[in-house]
Amino acid sequence: PDEADELLGHALETRRRLLGSEHPDVAATAEARARALLDLGRWAEAEATARESLAIRRELDAESPAVSRSLEVLAPALYLQGDVAGARIALEEAVAIERAALGETAPELANTYAAWARLEIESGDPREAERQARRALEVRRRRGPARSRDLASILETLAHALTRVGDRERLVEAEAHLFE
């Protein structure tokens, strides 16, 4: 794992040197490194690197879905350092960008709502988790046939939120959708 971070660090420096610091490839590599740093538990470094990726992408095109990807890496870095409000703000912005740029049926939008639901489960707000999981489910269902791995994942997140809320009847209803 540390070797992966080292390699991504070298790749990031090489791209900065060759392409300049405001290039989309630099932003993409910074995002990849931030993800690796999250996996390594180096949350402050992940936050700084995700912010670098975000700044570059905002400078290039503030309304691009690429900005939302950087925000989705920033959110867990903030949450894991205790900044739940900052993580929520990052996910809210990611949702707004995705809705505007990609539309109401984009798989990225469903995934962002699901990530937001998981954040709310972890932060202890199961009712908000349920709300976000239901949004993810609605986006996913608007996309067409219900048989897919991402639908199952969303339903599992919803079921987890309902378990935390303690609503047995709605939990059974959500679990029934897994087998439709």
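Whatever comes next refers back to the structure up there.
Not measured: the values here are computed from a predicted model.

## Brief notes about the nonpolar core
Ranked by internal contacts, the top residues of the largest apolar core, which has 36 residues, are Leu 71, Leu 74, Leu 109, Tyr 113, Trp 116, Leu 137 and Ile 154. Those elements that provide at least two residues to this core are helix 2 (24-39), helix 3 (43-61), helix 4 (65-80), helix 5 (84-102), helix 6 (107-123), helix 7 (126-142) and helix 8 (149-165). For Tyr 113, the residues in contact, after removing those within four places along its chain, are Val 95, Arg 99, Gln 132, Arg 135, Ala 136 and Val 139. Listed in part, the five residues of the second largest apolar core include Val 26, Ala 27, Ala 30 and Ile 56.

## A few points about the side chain of Glu 128
Within the fold, Glu 128 resides in helix 7. Within polar-contact distance, the side chain of Glu 128 engages the side chain of Arg 131 at 2.9 Å. For Glu 128, the residues in contact, after removing those within four places along its chain, are Trp 116 and Glu 120.

## Remarks on the pattern of salt bridges
One pass over the structure, following the stated rule, counts 16 salt bridges. Put simply, Arg 16 and Glu 52 hold a salt bridge, and the shortest N to O gap is 2.5 Å. One end of the pair, Arg 16, is in helix 1 (residues 2-19); the other, Glu 52, is in helix 3, with 36 residues separating them in the sequence. Looking at Arg 16, the relative accessible area reads 23%, which means it is partly exposed. Glu 52 gets classed as partly exposed once you look at its relative accessible area, which sits at 22%.

Reading the values: rules and limits
Residues numbered from 1 in each chain as written. Predicted model: local features only at pLDDT ≥ 70, side-chain atom pairs only at ≥ 80, totals over all residues. Heavy atoms only, no water. Core = buried A, V, L, I, M, F, W, Y, C linked by side-chain atoms within 4.5 Å. Buried < 20%, exposed > 50% of the residue type's maximum accessible area, 1.4 Å probe, protein only. Helix = DSSP H or I, 4+ residues; strand = E, 2+ residues; numbered from the N terminus. Contact = heavy atoms within 4.5 Å. Polar contact = N/O pair within 3.5 Å; in protein donor to acceptor, adjacent residues only side chain to side chain. Salt bridge = Lys/Arg side-chain N within 4 Å of Asp/Glu carboxyl O.

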